[in-house]
Amino acid sequence: MTVFTGNFLSTSQLGRGIVEICLDRKNEAVNKLDPLVIAELARMLTPLAQDGNLRGVLVTSAKDAFLAGADIQALWTLLGGSRKAQIAFCADADRVLTQLEDLPVPVVCAINGYALGGGLETALCADYRVLAADGQVGFPEVGFGILPGAGGTVRAPRLTNAATALHWIVGARTFKADAALKAGMVDAVAEPTRLRATALDWLQQAIDDRLDWKTRRELRKGVFASDEAAFATARSDAQKSVHHYPARLAVVDLLQRCAPLSRDAALPLEAEIFSTLAQTPTAKAMVGIFLANQQLKKRNKELASRARPAKRTAILGAGIMGGGIAYTTAVKGMQVLLKDIAQSALDLGVSEARKLLAKQVEGGRLTPSEAEAIQSAITPTLEFQGFDTVDIVVEAVVENLKVKQEVLARVESLARPDTVLVSNTSSLPIAEIAAELRRPENVAGMHFFNPVHVMQLVEVVRSAKTSDATIATTVAYALAMGRTPLVVKDCPGFLVNRVLGAYFTAFALLIRDGANFMQIERVMESWGWPMGPAYLFDVAGLDTIDKALRILAAAYPGVMATDFRTVIQILAEEKRYGQKSGAGFFRYEADPKGKPRRSGDPSIAGLIARAQPTGARAFADDDILDRMMLAMTLEAGRCLDEQIAESAIDIDASMRLGTGFPAHHGGPLWYADSLGLAEVLNRCARYRSLGGLYAPGHGLRQLADRNRTFYGANLP
Ligand SMILES: NC(=O)c1ccc[n+]([C@@H]2O[C@H](COP(=O)([O-])OP(=O)(O)OC[C@H]3O[C@@H](n4cnc5c(N)ncnc54)[C@H](O)[C@@H]3O)[C@@H](O)[C@H]2O)c1
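All values reported here derive from a predicted model rather than from experimental measurement.

Engineer: Is there a simple way to think about the site of the ligand in this case?
Structural biologist: Neighbouring residues of the ligand: 21 residues in total, closest Met321, Asp340, Glu399, Lys404 and Ser426. Residue Met321 places a main-chain N or O atom 2.8 Å away from an oxygen atom belonging to the ligand. Considered on its own, the ligand offers 830 Å² of accessible surface; in the complex 77% of this is hidden by protein. Counting only elements with at least two residues in the shell around the ligand, the list comes to α14 (320-331), α17 (401-414) and β15 (443-448). The residue inventory of the shell around the ligand, partitioned by class, reads 10 nonpolar, 7 polar and 4 charged.

Following this line, the structure appears as structure tokens:
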């Protein structure tokens, strides 16, 4: 019997005609699928298939996980290639995986850890799959704008059924062992220590014909029953997002088209649709930002590795933000001193945490005793007792420079010399907050977004005096809280609010020039924003937005100052603050659950008219889109010029995580790249008369001159 040793897998004989194929990619921590692995698999399978002594095959992994799926770097290269190359890639994988599936003997896969995408597609070629009880399987491809192109759409419905395959593939989710067993995607679940023995037992049963693997295999080569109801539901869901995420509908169409076909007839169709999707901007954006995020994660991890971990923390101010920060900290196993000046505020902060924990218990994510332990990690206090023991103090008191300076001076006098002090200010310069302190190097900003337990992003703000050690500790603390920290330079609005400020100013200008705000809402929502700008103002509060825009206008007069009364100022003066006051651009009434229900408000027309000195006029949708998105993109470019953030990757990640910027457009700078920077400059030239908001920064002009892109240097 042949024995094979390669760079990605090897075979060994287990006796009684059984061969083990062990996946073990050399010099790397995980097994990934790429053209080299496929080629090696082919070299190994050809002699194996001809081996007359072979009676059964066991497929295992020597790594912590079975097979992680496609190598995203290789996928990125593939997306940059031609349709022909993409179809050839799928055809190669299909040919080799079919060879595995068609071996003349039974094949059993022992899945440890996880098998995702190409990993699960490989496992589906086996006659039986045994999954470790702590393992996970799934098809994440649709989330990347593509489809499981190594036979996933063909094998999954033939093994299970149409409804299950649609649910798994279109949903792009990962499933735990019990769900995978229930769905029929795996045949057995075993404790990790028993995985191999259980898989071998299944194999022996098949070899002994105690399991009818031959009939089952024939069924997998044939047609599968169409399920009209499942297709109709999946189609109507997928149609809602088809404009931005075409992969969902493409999978529904493909499965329906392939139901009456044999496996071998369906595989080339899958390859064809894979290549169609691989050519879409959505696929390029989703895979590109995945790679970019990996770089960001790596950088954050490196920073945090140099930090002293924050075990004991203190939060000043038990309000909306302080309460949320305390909860999010305690949930992750850290101790929290929660200090306020008012007992009522403390009671509220503690009861908010209790409510959030109760929801976790209700949802089965925490046991009552775990929730209790978390709650007891938060110590509410009106005193400064214990502040000499904490590693980091988060200040989240009222937005008032003097109050912040005073309270931090008091804390500094009590804390250890190495305690890091961070402020959750939304608008005050960190340098000014730290100006009176003895150790300004210990001070940074930590700008959380509301609600803290939901929003992923935290801007970690570095002032000119902040030390590297302080940044490292703050980044490590944010990571320990399960958030994504982004280090930005101290400047008014920091990064996210500054870039949003340009977008909001563009809105004010459009209204001044006569645009209909409902058209702006529609255009921005259909571009992919979760909500239009007017509704966003109402949710955030027009008083808050007005105040923030005044600060930004003073800081960036050439870009954001306006010489007219904006619609935002008019609404704020009228005390139409949005949801909190019952009316803004829209009207709000509490629904039976107490949540604000939105409706149109005829009286807004008169207020808008006051903001339109030359009256209303018609705008093309494209004009609206360009004016809104170019303003945002150009400000993002200026931030890069000023090195407010380290790279285009950071800026785009901040906007996605902090504002809901549509992921399929990548981020403002990815979007600029996808338009082409020369085209961005052309479009900006049309709006030159509108002032500095549409004046491109020098970095953008330079890149365009050299025919380069923002991401050029950042991606492989
Ligand atoms: N609300 C938001 O969406 C948001 C978002 C990001 C940042 N921020 C910033 O977070 C900070 C807090 O905002 P908030 O919305 O939680 O305000 P809040 O009014 O809900 O809470 C402030 C709390 O600070 C307490 N406080 C006042 N002086 C204090 C002192 N000397 N010592 C201890 N506690 C004191 C008050 O009693 C109150 O409980 C502000 O700087 C704000 O700009 C707010």
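Following the structure, the description resumes.
Engineer: So what exactly am I meant to see when it comes to the nonpolar core here?
Structural biologist: Judged by nonpolar contacts, the single largest core of 195 residues is most densely connected at Phe507, Phe585, Met629 and Tyr694. The element best represented in this core is helix α20 (residues 496-512), accounting for 12 residues. The contacts of Met629, once residues within four sequence positions are left out, are Tyr503, Met524, Trp527, Trp529, Phe661 and Tyr671. Core analysis: the second largest hydrophobic core is formed by 41 residues, Ala310, Ile392, Val422 and Val458 among them.

Engineer: What's the story with the pattern of salt bridges in this structure? I'm lost.
Structural biologist: Close approach of charged atoms allows side chains of opposite charge to pair. With the rule as written, the count across this model stands at 48 salt bridges. Between Asp253 and Arg235 there is a salt bridge whose closest N-O contact spans 2.6 Å. Placement of Asp253 in helix α11 (residues 246-258) and of Arg235 in helix α10 (residues 228-240) is noted, with a sequence separation of 18 residues between them. Since its relative accessible area comes to 24%, Arg235 is described here as partly exposed. Residue Asp418 is joined to Arg416 by a salt bridge in which the shortest nitrogen-to-oxygen separation is 2.9 Å. One salt-bridge network, in which partners are shared between bridges, spans Glu101, Asp102, Asp127, Arg155, Arg217, Glu218, Arg220, Lys221, Arg263 and Asp264.

Engineer: I tried to follow the environment of Ser236 on my own but got confused; where do I start?
Structural biologist: Note on placement: Ser236 falls in helix α10. According to the relative accessible area criterion, Ser236 is partly exposed, its value standing at 39%. Here the alpha-carbon distance between Ser236 and Phe290, two residues 54 residues apart in the chain, equals 28 Å.

Engineer: Just checking my understanding: could you explain the side chain of Arg158 for this structure?
Structural biologist: With respect to the element layout, Arg158 can be found in helix α5 (residues 152-159). At 2.7 Å, the side chain of Arg158 forms a polar contact with the backbone oxygen of Gly222.

Engineer: Can you help me understand helix α28 (residues 648-659) in this one?
Structural biologist: Each α-helix turn comprises 3.6 residues. Residues three or four places apart therefore point the same way. Helix length check: α28 (12 residues) gives 16 Å between terminal C-alpha atoms against 16 Å at 1.5 Å per residue, within 8%. Where α28 is concerned, the buried positions are Ala648, Ile649, Asp650, Ile651, Asp652, Ala653, Ser654, Met655, Arg656, Gly658 and Thr659. Looking at the buried positions of α28, the neighbouring elements they touch are α13 (281-305), β16 (457-462), β17 (484-489), α20, α27 (621-641) and α29 (668-675). Looking at the residues trailing α28, positive phi occurs at Gly660, about 80 degrees.

Engineer: Is there a simple way to think about the environment of Ser654 in this case?
Structural biologist: Among the secondary structure elements, Ser654 is positioned in helix α28. As a C-alpha pair, Ser654 and Arg638 span 16 residues in sequence and 15 Å in three-dimensional space. Apart from residues no more than four positions distant in its own chain, Ser654 is found in contact with Leu457, Leu486, Leu495, Val496 and Thr659.

Engineer: Please explain the pairing of strand β1 (residues 9-15) as it appears in this structure.
Structural biologist: A regular strand carries its side chains on alternate faces of the sheet. Here β1 pairs with strand β2 (residues 18-23) via 6 bridges, running antiparallel. The partner of Gln13 across the bridge, within β2, is Val19. Following β1, the chain reverses through 2 residues before pairing antiparallel with β2; Arg16 in that reversal takes a positive phi of roughly 50 degrees.

Engineer: Explain the packing of helix α21 (residues 517-527) against α27 to me, please; I cannot follow it from the model alone.
Structural biologist: How two helices sit against one another is set out by the angle between their axes and by the gap between those axes. Contact geometry for α21 and α27: axes closest at 10 Å, N-to-C directions at 75 degrees. Considering the angle they form, α21 stands roughly perpendicular to α27. The segment α21 lies against α27, with Gln519, Ile520, Arg522, Val523, Met524 and Trp527 engaging Asp621, Ile624, Leu625, Met628 and Met629. Grouping the constituent residues of the contact of α21 with α27 by class yields 8 nonpolar, 1 polar and 2 charged.

Engineer: How should the sheet that holds strand β14 (residues 420-423) be read in this particular structure?
Structural biologist: Backbone hydrogen bonds hold the strands of a sheet together, and the pairing may be parallel or antiparallel. With respect to topology, 8 strands assemble into an open sheet ordered β12-β11-β10-β13-β14-β15-β16-β17, the strand pairing being mixed. Two strands close off the open sheet at either side, each with one partner strand: β12 (378-381) and β17. In this sheet, adjacent strand axes meet at a mean angle of 25 degrees when their direction is disregarded. Here strand β11 (residues 335-339) pairs with β12 via 4 bridges, running parallel. Note on β12: the bridge partner recorded for Lys339 is Thr381. On the sheet, α28 packs against β16 and β17 and is oriented at approximately 125 degrees with respect to β17.

Rules of the game
- Residues numbered from 1 in each chain as written.
- Predicted model: local features only at pLDDT ≥ 70, side-chain atom pairs only at ≥ 80, totals over all residues.
- Heavy atoms only, no water.
- Near = heavy atom within 4 Å.
- Polar contact = N/O pair within 3.5 Å; in protein donor to acceptor, adjacent residues only side chain to side chain.
- Areas by Shrake-Rupley, 256 points an atom, 1.4 Å probe, with all protein chains shown as cover.
- Helix = DSSP H or I, 4+ residues; strand = E, 2+ residues; numbered from the N terminus.
- Nonpolar A, V, L, I, M, F, W, Y, C, P; charged D, E, K, R; others polar.
- Core = buried A, V, L, I, M, F, W, Y, C linked by side-chain atoms within 4.5 Å.
- Buried < 20%, exposed > 50% of the residue type's maximum accessible area, 1.4 Å probe, protein only.
- Contact = heavy atoms within 4.5 Å.
- Salt bridge = Lys/Arg side-chain N within 4 Å of Asp/Glu carboxyl O.
- Expected span 1.5 Å × (residues − 1).
- Pairing = 2+ DSSP bridges.
- Axes fitted to C-alpha atoms, helices over the stretch in contact; angles between N-to-C directions.
- Parallel < 35°, antiparallel > 145°, perpendicular 65-115°, else oblique.

Geometric descriptors of this kind do not, in isolation, establish any biological role.
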